[in-house]
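Spelled out from the first residue to the last, the chains are:
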Amino acid sequence: MAYLIQDIAQTIHARSGNGQTYKAASITHLLTDSRKLVFPESSLFFALSSTRKDGHLFIAELYAAGVRNFVVSHTQQATEYTEANFLEVDNVLEALQMLASHHRAAFPNLPVIGITGSNGKTMVKEWLNLLLQKDQHIVRSPRSYNSQIGVPLSVWQISTQDNLGIFEAGISQKGEMASLAKIIQPNMGVLTNLGEAHAEGFSNRLEKLKEKLQLFQSVSTLMVALDALTQEEQTYLYQAFPKAICWSSKQSAALQVLEIKSQSGLTSITALYDQRTIQIQIPFTDPISIDNAITCWLVLLEMKYQDQEIATRMLALEPVEMRMQLKNAINHCYLINDSYSNDLSSLSMALAYLKQQAGDNKTTLILSDIPQTGSDTAAVYEQVAVELAERKIQQLIGIGPAISAAASSFQNRIAQTSFYSSTADFLERCNAHQFQHEYILLKGARAFAFEQISKWLEQQQHQTLMEINLNAMVHNLKAYQARLQPGTKVMAMVKAFSYGSGSVEVARLLEFHQVNYLAVAYADEGVALRQAGIRLPIMVMSPDETSFDALVNAHLEPEIFSFGIYQAFHEYLLKQGLTQFPVHLKFNTGMNRLGFEVSEAASIAKALQQNNTMQVKTVFSHLAGSEQAGLDSFTLEQAHLFDQASEQVNSILAYPFIKHLSNTAAIFRYPQLQYQMVRLGIGLYGVDPVNEQALALQPVSTLKSTIAQIRTVVKGHSVGYGRNAFMEADSRIATIRIGYADGFGRAMGNGAASVWVRGQLASVVGNVCMDMTMVNVTGIAGVQEGDQVEIFGNHLPVQTLAKWAGSIPYEILTGISQRVKRVYLEE
């Protein structure tokens, strides 16, 4: 649905930001992130501002890329942007929300389900989509678009083809829900649960409940998972919504759960509803899935679906993959698997992620038919073809009769195209050798069973893997950025394979989220990043003479820490005829590892000024104990010495440079030492060296393996090399596929460490082997061969494993072997 720019200006009460009459423009796309631009001519950019970023700073870049329509909060120079429309408002975010509310109001007869809760919003939304899509054309929030910005972008998708909307709303503090309610305008409501998420934004749980319930002020039907509420909260719920329709397994309710029985991967749920006993089965046994499935069950019952039809659909539920997975694939390729759904909005998001990860590498899209597209199928594929061309996708493989019929739309725009009637047809006719050194996005509807293609393309590696949650990394980055003074830059540490997480993938993510610098230990790490297309400035912390060619050729910036390395690099640059090469000057203020002494500051500054072969980009030092309160006086003394050194350098050099001293711990503990930049390391990866709960960091890495075999070892028999472990009773011993060659060291053996199996800890028995480890699973119900085992992650923090090993998290993370497959997850 297109809107004229004049009409949008009137809707959001805008003024002409350059004092001129609006030029003709038709808007179909809203843009809040300059990095996600696809359709410049029809996009309206909202210059949102926060304490960290000002959207107005990206106007010039977007204008150069073809964008001509902007919503701003202060006047822009007409002479610089002669073809632009500037809609000036007092509050850009409110203008975005106002426009989305206006768009929603244009569809007054559209049924909309609004979903909120502390957890489960996205899963319930996606399951309702799966359950209802057979007979409804659904528009819904993409993934977890439930914020003050995400909700208006979600609602903007509504079109005349839709006959049901499902939108989720998330809040983190008091006063946020009212604006989301105006945008979503639901007439049915779902409250999934009330938990501890975002507890810091509310004085108590009841206050949080009151805020969430504001979403439902105008609904005709409100459905609630009652067991998640305390008695006080239930009393308030029924006072505010006397006709709330609830489910419960503990008390009388509209849907009263009588029995939950799990067996062999299935759960049978029996309940009483409308004075009749009904039953469903779901292919899940975990409590979270069971609760969310019952919530969906209640929604379908209230929508008057027949019991047998509901039972059939509930049994067909599938896991909701809420995060895209980036995996190593055949022939030096990377595979992004996002095949849990296939619609226009999720396709657009997946394509953006593909381009973010691929950089300048070749991109291939394997795409199935897009279901539920309405009557004008040809127009839908024409729209997809235009977007693929705009995003410069080099190869399309279409699978399915509908997309094959639209082949001509793609063949005119994409360099390489091929089409297949089915997944089986593709697997039979396609040659694996056609995929070489490229990034492949797998995007298919459930019916096409693209998991077969995923398995075919993935590298065959052993079953120990490390999941890297890129969303958690972004969360951690933002958690530290929120602690920074305005304008403070961030240098992200990606040395040692990004603390075991994978340098290239992490660097791409950080570049996308606009950190200012990257830092590596050695030149070859920086070269690998450059070869992968990373353009951010990169500091090399341990240069030597053998790396000078690589430094210069890859545009890497070395740390200069002694007169010896300075003189060697100076002479190299002279021979190359190079001047003002960017370098970073390090001073030793008490770490006593690398760096000039403070007394040498004037001497090195004079040499740099006189010779002009190098230009100092930053001056820095390294804190020895910033995480320890007992070393506070020493840390402050280091800062004093650093000030002395940097002031001497500043007095001699005739140009400005950046100063940085704070590492991860100091960002939180010493805000006065942030200078112009901070270095963020282990905290980015989810490990808080200060153990300060206020940061609420999320674990980034989860190391997993599987059980290869389970055996009963009788009392008195031994387990493992050296016969160090004798069983004191008959025991069930599981052998898992991880050993010291994977990074699970011998220090973990003989009961020192445990692993997480089926919700319980299982202690290590005997010595850790090179490729295998034995654990005691006696008394842990339901353990089977093939079960997944968590070595560290969400249930078992890496800090705990490090403590058991007498080590530190840094060593554990960086010690995970390269043979362990990394799988990258992103919502």
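Here goes a summary of the coordinates provided. (Residues numbered from 1 in each chain as written. Predicted model: local features only at pLDDT ≥ 70, side-chain atom pairs only at ≥ 80, totals over all residues. Heavy atoms only, no water.)

A short note on the overall build of the chain
Line of reasoning, step 1. The number of helices and strands found in the chain is 27 helices and 41 strands.
Line of reasoning, step 2. Scaling as 2.2 N^0.38, a compact globule of 827 residues should have a C-alpha radius of gyration of about 28 Å, and the chain matches this with 29 Å.
Line of reasoning, step 3. Over its C-alpha atoms, taken along the principal directions, the chain stretches across nearly 90 × 90 × 60 Å.
Line of reasoning, step 4. Burial status across the chain gives 56% buried among its 827 residues.
Line of reasoning, step 5. Nonlocal contacts in the chain, meaning residues at least 24 apart in sequence, comprise 66% of its contacts between residues at least 6 apart.
Line of reasoning, step 6. Total accessible area on the chain is roughly 34,200 Å²; 49% of this is exposed by carbon and sulfur atoms.
Line of reasoning, step 7. Computing the positive centroid from 63 side-chain charges and the negative centroid from 74, the chain places the two 2 Å apart. (Helix = DSSP H or I, 4+ residues; strand = E, 2+ residues; numbered from the N terminus. Rg over C-alpha atoms; globule rule 2.2 N^0.38 Å. Buried < 20%, exposed > 50% of the residue type's maximum accessible area, 1.4 Å probe, protein only. Contact = heavy atoms within 4.5 Å. Areas by Shrake-Rupley, 256 points an atom, 1.4 Å probe, with all protein chains shown as cover. Lys, Arg positive; Asp, Glu negative; His and termini not counted. Charge placed at Lys NZ, Arg CZ, Asp CG, Glu CD.)

So, the nonpolar core
Line of reasoning, step 1. Core analysis: the biggest nonpolar cluster contains 145 residues, and Phe 410, Leu 518, Phe 569, Leu 585, Ile 791 and Phe 792 have the highest contact counts within it.
Line of reasoning, step 2. In terms of residues, this core owes the most to one element, helix α17 (residues 470-481), which gives seven residues.
Line of reasoning, step 3. Setting aside its immediate chain neighbours within four residues, Leu 585 contacts Ile 560, Phe 596, Ile 604, Leu 608, Val 616, Thr 618, Val 619, Phe 620 and Val 649.
Line of reasoning, step 4. Core analysis: the next-biggest nonpolar cluster, separate from the first, contains 41 residues, Ile 245, Ala 271, Ile 310 and Met 314 among them. (Core = buried A, V, L, I, M, F, W, Y, C linked by side-chain atoms within 4.5 Å.)

Overview of the pattern of salt bridges
Line of reasoning, step 1. Tallying each qualifying case throughout the model produces 27 salt bridges.
Line of reasoning, step 2. Between Arg 205 and Glu 233 there is a salt bridge; the shortest N-O distance is 2.8 Å. Pair noted here: Arg 205 is in helix α7 (residues 205-213) and Glu 233 is in helix α8 (residues 231-240), with a separation of 28 residues, a long-range link.
Line of reasoning, step 3. On the basis of relative accessibility, which here comes to 23%, the residue Arg 205 falls in the partly exposed class.
Line of reasoning, step 4. Take Glu 233: its relative accessible area is 3%, and that puts it in the buried class.
Line of reasoning, step 5. What you see here is one network of salt bridges that share partners, running through Lys 125, Glu 126, Arg 140 and Glu 168. (Salt bridge = Lys/Arg side-chain N within 4 Å of Asp/Glu carboxyl O.)

Quick notes on the packing of aromatic side chains
Line of reasoning, step 1. Taken as a whole and judged by the stated rule, the model has 21 aromatic pairs.
Line of reasoning, step 2. Relative to Tyr 685, the ring of Tyr 499 has its centre 4.6 Å away and its plane inclined at 25°; by these criteria the two rings are stacked. Remark: Tyr 685 occurs in the loop between β32 (677-680) and β33 (701-713) and Tyr 499 occurs in helix α18 (residues 495-499); sequence separation between them is 186 residues. Note on accessibility: Tyr 499 and Tyr 685 belong to one class, buried. (Phe/Tyr/Trp six-rings, centres within 6.5 Å; stacked < 30°, edge-to-face > 60°.)

What to know about the sheet that holds strand β7 (residues 85-88)
Line of reasoning, step 1. Ordered in space as β2-β7-β6-β5-β4, the five strands form an open sheet in which the pairing is mixed. Strands at the two margins of the open sheet, each flanked by one partner only, are β2 (15-16) and β4 (29-31).
Line of reasoning, step 2. With four bridges joining them, strand β6 (residues 69-72) and β7 adopt parallel strand pairing. For Val 72, the partnering residue across the bridge sits in β7 and is Glu 88.
Line of reasoning, step 3. Helix-sheet contacts for helix α3 (residues 92-105) involve β4, β5 (43-46) and β6, and the interaxial angle to β5 is about 140°. (Pairing = 2+ DSSP bridges. Axes fitted to C-alpha atoms, helices over the stretch in contact; angles between N-to-C directions.)

A look at the sheet that holds strand β11 (residues 188-191)
Line of reasoning, step 1. With mixed pairing, the nine strands of this open sheet are ordered in space as β9-β10-β8-β11-β12-β13-β14-β15-β16. Since the sheet does not close on itself, it has two edges, and those belong to β9 (138-140) and β16 (276-282), each with one partner. For this sheet, the mean angle separating the axes of adjacent strands, direction not counted, is 20°.
Line of reasoning, step 2. Across eight bridges, the pairing between strand β14 (residues 255-263) and strand β15 (residues 266-273) is antiparallel. Its bridge partner lying in β15, Lys 261 is registered against Ser 268.

Thoughts on the side chain of Ser 409
Line of reasoning, step 1. With respect to the helices and strands, the residue Ser 409 is situated in helix α14 (residues 407-411).
Line of reasoning, step 2. Look at Ser 409 and you get buried, because its relative accessible area is 12%.
Line of reasoning, step 3. Once residues within four sequence positions are removed from consideration, Ser 409 is found in contact with Tyr 381, Glu 382 and Ala 385.

Considering the environment of Glu 387
Line of reasoning, step 1. Its location among the elements puts Glu 387 in helix α12 (residues 377-390).
Line of reasoning, step 2. Through-space distance from the C-alpha of Glu 387 to that of Val 151 is 23 Å; in sequence the pair is 236 residues apart.
Line of reasoning, step 3. The residues touching Glu 387, leaving out its near neighbours within four places in the chain, are Val 38, Phe 39, Ser 348 and Leu 351.

Topic: the packing of helix α22 (residues 563-576) against helix α23 (residues 601-611)
Line of reasoning, step 1. The N-to-C vectors of α22 and α23 enclose an angle of 5°; their axes lie 12 Å apart at closest approach. With respect to α23, the axis of α22 lies roughly parallel. Contacts between α22 and α23 involve Phe 563, Tyr 566 and His 570 on the former and, on the latter, Ser 603, Ile 604, Ala 607, Leu 608 and Asn 611. (Parallel < 35°, antiparallel > 145°, perpendicular 65-115°, else oblique.)

Some remarks on the pairing of strand β28 (residues 581-588)
Line of reasoning, step 1. Among the eight residues of β28, seven are classified as buried, and the element is accordingly described as predominantly covered.
Line of reasoning, step 2. In this structure, strand β27 (residues 557-560) lies alongside β28, joined through two bridges in parallel fashion. Counted as the bridge partner of Ile 560 is Leu 585 from β28.
Line of reasoning, step 3. Where the polypeptide runs from β27 across α22 and back to β28, its parallel neighbour, the crossover connection is right-handed.
Line of reasoning, step 4. Where β28 and strand β30 (residues 614-621) come together, seven bridges link them in parallel fashion. From the neighbouring strand, Pro 582 faces β30, where its bridge partner is Gln 615.
Line of reasoning, step 5. Where β28 lies against strand β29 (residues 596-597), two bridges are found, and the strand directions are parallel. From the neighbouring strand, Asn 588 faces β29, where its bridge partner is Glu 597. (Right-handed = clockwise from strand over helix to strand, strands pointing away.)

Concerning the state of the cysteines
Line of reasoning, step 1. A full pass over the atoms with the stated rule returns zero disulfides.
Line of reasoning, step 2. Between Cys 296, a free cysteine, and Cys 246, which holds the nearest cysteine sulfur, the sulfur-to-sulfur gap is 16 Å.
Line of reasoning, step 3. With no disulfide of its own, Cys 333 has Cys 430 as its nearest cysteine by sulfur position, at a separation of 11 Å.
Line of reasoning, step 4. For Cys 333, a relative accessible area of 2% gives the class buried. (Disulfide = S-S within 2.5 Å.)

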